[in-house]
Amino acid sequence: MALELSGKLKKLPPYLFIEIDKKKNQAKERGADIISLGVGDPDLPTPPHIIKAMHEAIDKPSNHQYPFGAGMLKFRQAVCGWYKSRFNVDLAPDEVCALIGSKEGIGHIHLGLVNPGDIVLIPEPGYPVYNTGTIFTDGVSYYMPLLEKNNYLPDLDAIPVDIAKKAKIIFVNYPNNPTAAVAPKEFYLKLIDFAKKYNIVVASDAAYSEIYYDESNKPISFLSLPGAKDVGVEFHSLSKTYNMTGWRIAWVCGNKEIVETISKVKDNYDSGVFGAIQEAAVIALTGSQDCVEAQREIYKQRRDALVGGLKKLGWEVNLPQATFYVWAKTPKGYTSSQTVSKLLDEAAIVSTPGNGMGASGEGYVRFALTVDVKRIEEACQRIAKIKW
Ligand SMILES: *Cc1c(COP(=O)(O)O)cnc(C)c1O
């Protein structure tokens, strides 16, 4: 059979991390002792009390049927309680919709809002899924570069008026993947004004809000600012906070109409999140948060080991204030992909080329802090032996 793919599928760039995984596996097959600092998938286990809750929930026959809808009331209430205690934001359960991972909601929001030719404003370098949803709806991505000189915040004033007028959604992602930047209150206030002026939906991706290093300076929620709920929603996920990437559980919350729009799309695509997983998520969100605190301490030690090690070797790298990524400048004279290739071929280290996540990422590599301190030290020793 001559399988003819759809034009949309053909338009999709190869999914970066699947490509990186392939290269990693090829190196493994050659017998290399790989240190994987590539994909942002936590190596730490899901906390035991959450797994125990899942064991109990899975035995309940009521969880064996279609879950349907925006999620269980108790899940949505748990989200409201968590938002109140973490961000002092008031949410009602009908302003929350459970998602099968935030990637799912981030990729599907377009279906409710974007018509062919509509513009979607997307940060670059950035998470590839913002663009995927745009391609699948025949929208047009307009990329907002994230530059060091702007503290990796998009310059809203630089967006041409005719583009802003045609834009339907603006994606922002702080704490940021891949640059590890955090957004201040002033940025969100400006964003709300911009969204109101041009009637654009704000989609704030806050997957890394709990991976921070300074207790006195925690990342804030876009929804904590006045007017935010008039224009937008925030995506959150249990994936990074509780090491639950494989479970597929997240949510979108904020503006009720937008949340309902996403929920409507989902009603027609999937039939909700497995009830037992929602019940386990309730335990995660309402139980003790000590596990998250302990994990922040682990990431901090890893961060300090890698940033310290790279700096000693003369690399230009900032100390990240949040996320489990380190965004490092490539050694002088080397592009992102040359650096990544050298790291893999000569040190068996997997990393992500900055330009793979957007043109403005050229000249950088992203390291994920997803191996223990010993392996990070080993990685630094191997990098020290590379001749640049
Ligand atoms: C990991 C990540 C997510 C979360 O993905 P899930 O589908 O919830 O596992 C969302 N946004 C960004 C930028 C991420 O890196």
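Provided above is the structure to which this section pertains.
Keep in mind that this is a model prediction, so the values were computed, not measured.

Caption draft 1: Quick look at the sheet that holds strand S6 (residues 201-205). Read from one edge to the other, the open sheet built from 7 strands follows the order S2-S8-S7-S6-S5-S3-S4, with strand pairing classed as mixed. Single-partner strands in this sheet number two, and they are strand S2 (96-99) and strand S4 (140-145). Adjacent strand axes in the sheet meet at a mean angle of 20 degrees, parallel and antiparallel pairs treated alike. One ladder, built from 5 bridges, connects strand S5 (residues 167-173) with S6; its direction is parallel. Opposite Asn173, over in S6, you have Asp205 as the bridge partner.

Caption draft 2: Representation of the layout of surface pockets in the model. In this structure, the largest pocket encloses a volume near 560 Å³. As for the largest pocket, its lining consists of 23 residues, and the residues nearest its centre are Tyr15, Val39, Gly40, Tyr127 and Lys240. Secondary-structure elements contributing two or more residues to the lining of the largest pocket are helix H2 (16-29), helix H5 (102-113) and helix H10 (238-241). Classifying every residue of the lining of the largest pocket gives 9 nonpolar, 7 polar and 7 charged. Taken domain by domain, the makeup of the lining of the largest pocket includes at least three residues from each of domain 1 (14-43 + 290-384) and domain 2 (48-286).

Caption draft 3: The pairing of strand S3 (residues 119-124), seen in detail. Where burial is concerned, most of S3 is hidden: 6 out of the 6 residues are buried. Neither face of S3 is exposed, since Ile119, Leu121 and Pro123 on one face and Val120, Ile122 and Glu124 on the opposite face are all buried. Bridge analysis of S3 against S4 gives 6 bridges, and the strand direction is parallel. Paired with Val120 across the bridge in S4 is Ser141. Each parallel crossover has a hand, and the one from S3 via helix H6 (residues 129-136) to S4 is right-handed. With 3 bridges connecting them, S3 and S5 associate as parallel partners. Across the sheet, residue Val120 finds its bridge partner in S5, namely Ile169.

Caption draft 4: Structural context of the packing of helix H13 (residues 290-312) against helix H15 (residues 373-385). Taken N-terminus to C-terminus, the directions of H13 and H15 make an angle of 10 degrees; their axes are 9 Å apart at the nearest point. By the angle between their directions, the pair H13 and H15 is classed as roughly parallel. Of the residues in H15, those in contact with Gln301, Arg302, Ala305, Leu306, Gly309 and Leu310 of H13 are Val373, Ile376, Cys380 and Ile383. Counted by class, the contact of H13 with H15 contains 7 nonpolar, 2 polar and 1 charged residues.

Caption draft 5: Local environment of unusual backbone geometry. The residue after Glu124, namely Pro125, is reached through a cis peptide bond having omega 0 degrees. Cis geometry marks the peptide bond from Asn177 to Pro178, where omega comes out at 15 degrees. For Ala180, which is not glycine, the phi torsion reads 70 degrees and is therefore positive. Given the relative accessible area of 7%, Ala180 is considered buried. Phi at Asn199 is positive, roughly 60 degrees, even though this residue is not glycine. Examined against the element boundaries, Asn199 turns out to sit in the loop between helix H8 (185-198) and S6.

Caption draft 6: Structural view of the site of the ligand. Around the ligand sit 14 residues in total, of which Asp205, Tyr208, Ser237, Ser239 and Lys240 are the nearest. Between the ligand and Asn177, the relevant distance is 2.8 Å, taken from an oxygen atom to a side-chain nitrogen or oxygen of the residue. Between the ligand and Ser239, the relevant distance is 2.6 Å, taken from an oxygen atom to a side-chain nitrogen or oxygen of the residue. Contact with the protein chains covers 94% of the free accessible surface of the ligand, which is 390 Å².

Caption draft 7: Up close: the sheet that holds strand S11 (residues 352-353). Within the open sheet, the 3 strands sit side by side as S9-S12-S11. Their pairing is antiparallel. In this open sheet, the two edge strands, each paired with only one partner strand, are strand S9 (325-329) and S11. Relative to strand S12 (residues 364-368), S9 runs antiparallel, the two sharing 5 bridges. The residue of S12 that forms the bridge with Trp327 is Arg366. Across the sheet, H13 lies against S9 and S12, angled at about 10 degrees from S9, the strand it touches most.

Caption draft 8: A look at the pairing of strand S8 (residues 250-254). A large share of S8 lies buried, amounting to 5 of its 5 residues. Residues Ala250, Val252 and Gly254 line one face of S8 and the alternating positions Trp251 and Cys253 line the opposite face, and both faces are buried. When S2 meets S8, the two strands line up antiparallel, connected through 4 bridges. Paired with Ala98 across the two strands is Trp251, which belongs to S8. Bridging between strand S7 (residues 232-237) and S8 involves 5 bridges; their strand directions are antiparallel. In the sheet register, Val233 faces S8, and the bridge partner there is Gly254.

Procedures and definitions
Residues numbered from 1 in each chain as written. Predicted model: local features only at pLDDT ≥ 70, side-chain atom pairs only at ≥ 80, totals over all residues. Heavy atoms only, no water. Pairing = 2+ DSSP bridges. Helix = DSSP H or I, 4+ residues; strand = E, 2+ residues; numbered from the N terminus. Axes fitted to C-alpha atoms, helices over the stretch in contact; angles between N-to-C directions. 1 Å grid on protein atoms, 1.4 Å probe; cavity = no way out; pocket = protein on both sides within 12 Å on 5 of 7 lines; lining within 4 Å. Points joined across faces, edges and corners; volume = space filled by probe spheres on them. Nonpolar A, V, L, I, M, F, W, Y, C, P; charged D, E, K, R; others polar. Domains from an automatic or database assignment. Buried < 20%, exposed > 50% of the residue type's maximum accessible area, 1.4 Å probe, protein only. Right-handed = clockwise from strand over helix to strand, strands pointing away. Parallel < 35°, antiparallel > 145°, perpendicular 65-115°, else oblique. Contact = heavy atoms within 4.5 Å. Near = heavy atom within 4 Å. Polar contact = N/O pair within 3.5 Å; in protein donor to acceptor, adjacent residues only side chain to side chain. Areas by Shrake-Rupley, 256 points an atom, 1.4 Å probe, with all protein chains shown as cover.

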